[in-house]
Amino acid sequence: MKYDKPTVCVLDASTYVGFWILKGLLARGFRVHAATQKNGETEIQKRIREMEKEEERLVVFSVDVLDYHSILLALKGCSAVFCCLDSPEAYDEKMVNLEVRGAINVVEACAQTDSVEKILFSSSLAAAIWKEDISSEKDVDEKSWSDPEFCRKLKLWYALAKTQSEQAAWALSMDRTLKMVSINSGLVLGPNVAQQNPRTTMSYLNGAAQMYENGVLAFVDVDFLVNVHIRALEDQSACGRYFCFSHTVNTEDEAVKLAQSLSPLISLPPRYHYEGSEAHTERLRTKKLSKLVEGAAY
């Protein structure tokens, strides 16, 4: 059967965000290479295997991001790759190094293909909001980067992994003259996120109190995040980084509602009552994202 949409790769499709991007691409008629890492037989991996039996536009590949050649096999014939790397385990200094190496291998593999034209790199707001003087900045936008030394000092390993892996991907993609777009998302919320994405969710929330007080605690619905990723693929003018979030949490009422949405990962004391209505200053800006969603990157 002939298809109008190109073939793209999602790596790692067994992450929470990767799986929802995979579903979004299939729903829009794309042919997809779902590259999954061997992290045990998770619920998401089982669902991907079941989908492969029913969906002729889906082919599943088993990859190891530290094995460059396994990545090349998954990328064969693909015009773009969605790079969605998240540790299946709790983040620590070792996982930071592994994620950076994985990002480098994915970008280098893309450079060695004849078909890949664009990399959609799924990153995080955590790669932009952690530095000593963030509270003094009026606007935090795509030009902002987290300070690796500050992340190390506070042991913010998730933020460090996202910062250094994205920076490494940018450096290598520019060196290899590859077109890359990064989507820096807030805390990802969606169906069964507490059950299917607990470690990444809790890793993102390390330092949540400081994020909240500094006006940079934000979340995004996974459906919206998927739409932004696919829009960035299809819009030829899309370039650089895009902050992607639906809402900034800046009152105690909103913080309580966020915690309740993540039950049982986060539990509030019985009969918890919030006091006061102080609103913290919002610092995150999404002007660039608005233009992309409206139909033009600039």
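This write-up is about the structure you can find in this document.

Cut-offs used in this document
- Residues numbered from 1 in each chain as written.
- Predicted model: local features only at pLDDT ≥ 70, side-chain atom pairs only at ≥ 80, totals over all residues.
- Heavy atoms only, no water.
- Axes fitted to C-alpha atoms, helices over the stretch in contact; angles between N-to-C directions.
- Helix = DSSP H or I, 4+ residues; strand = E, 2+ residues; numbered from the N terminus.
- Parallel < 35°, antiparallel > 145°, perpendicular 65-115°, else oblique.
- Contact = heavy atoms within 4.5 Å.
- Nonpolar A, V, L, I, M, F, W, Y, C, P; charged D, E, K, R; others polar.
- Buried < 20%, exposed > 50% of the residue type's maximum accessible area, 1.4 Å probe, protein only.
- Arc of directions from axis to C-beta.
- Salt bridge = Lys/Arg side-chain N within 4 Å of Asp/Glu carboxyl O.

**Details of the packing of helix α10 (residues 222–234) against helix α12 (residues 287–294)**
Where α10 contacts α12, the two axes come as close as 10 Å, and the packing angle between them is 70°. It follows that α10 is roughly perpendicular to α12 by the angle criterion. Of the residues in α12, those in contact with F224, V228, R231 and A232 of α10 are L289, L292 and V293. In terms of residue class, the contact of α10 with α12 is made up of six nonpolar, no polar and one charged.

**Considering unusual backbone geometry**
Each neighbour pair has its own omega, and for L11 with D12 the value is 15°, a cis peptide bond. With respect to the helices and strands, D12 occurs in the loop between β1 (7–11) and α1 (16–27). Note the cis peptide between S263 and P264, where omega equals 10°. Tracing the sequence through the fold places P264 in the loop between α11 (252–261) and α12. Positive phi, close to 55°, is recorded for K155, a residue that is not glycine.

**Focus on helix α3 (residues 68–75)**
When α3 is considered as a whole, its buried residues turn out to be S70, I71, A74 and L75. Take α3 and look down its axis: the buried residues cluster within an arc of 140°, on one side only. Along α3, the residues that are exposed and aim more than 90 degrees away from the buried face are H69 and L73. Where the residues of α3 are buried, they touch β1, β2 (31–37), β3 (58–63), β4 (80–83) and α4 (93–111). Phi for G77, located one or two positions after α3, is positive at around 85°.

**Quick look at the pattern of salt bridges**
Under the definition given, this model contains 14 salt bridges. Linking K162 and E99 is a salt bridge whose minimum nitrogen-to-oxygen distance equals 2.8 Å. Pair noted here: K162 is in helix α6 (residues 157–175) and E99 is in helix α4, with a separation of 63 residues, a long-range link. Assigned by exposure class, K162 and E99 land together as buried. The residue K153 makes a salt bridge to E132 at a minimum N-O spacing of 3.2 Å. Of this pair, K153 sits in helix α5 (residues 148–154) while E132 sits in the loop between β5 (118–124) and α5, and the two are 21 residues apart along the sequence. On the accessibility criterion, E132 (57% relative accessible area) is exposed. A single network of salt bridges, built from pairs that share partners, joins D86, E99 and K162.

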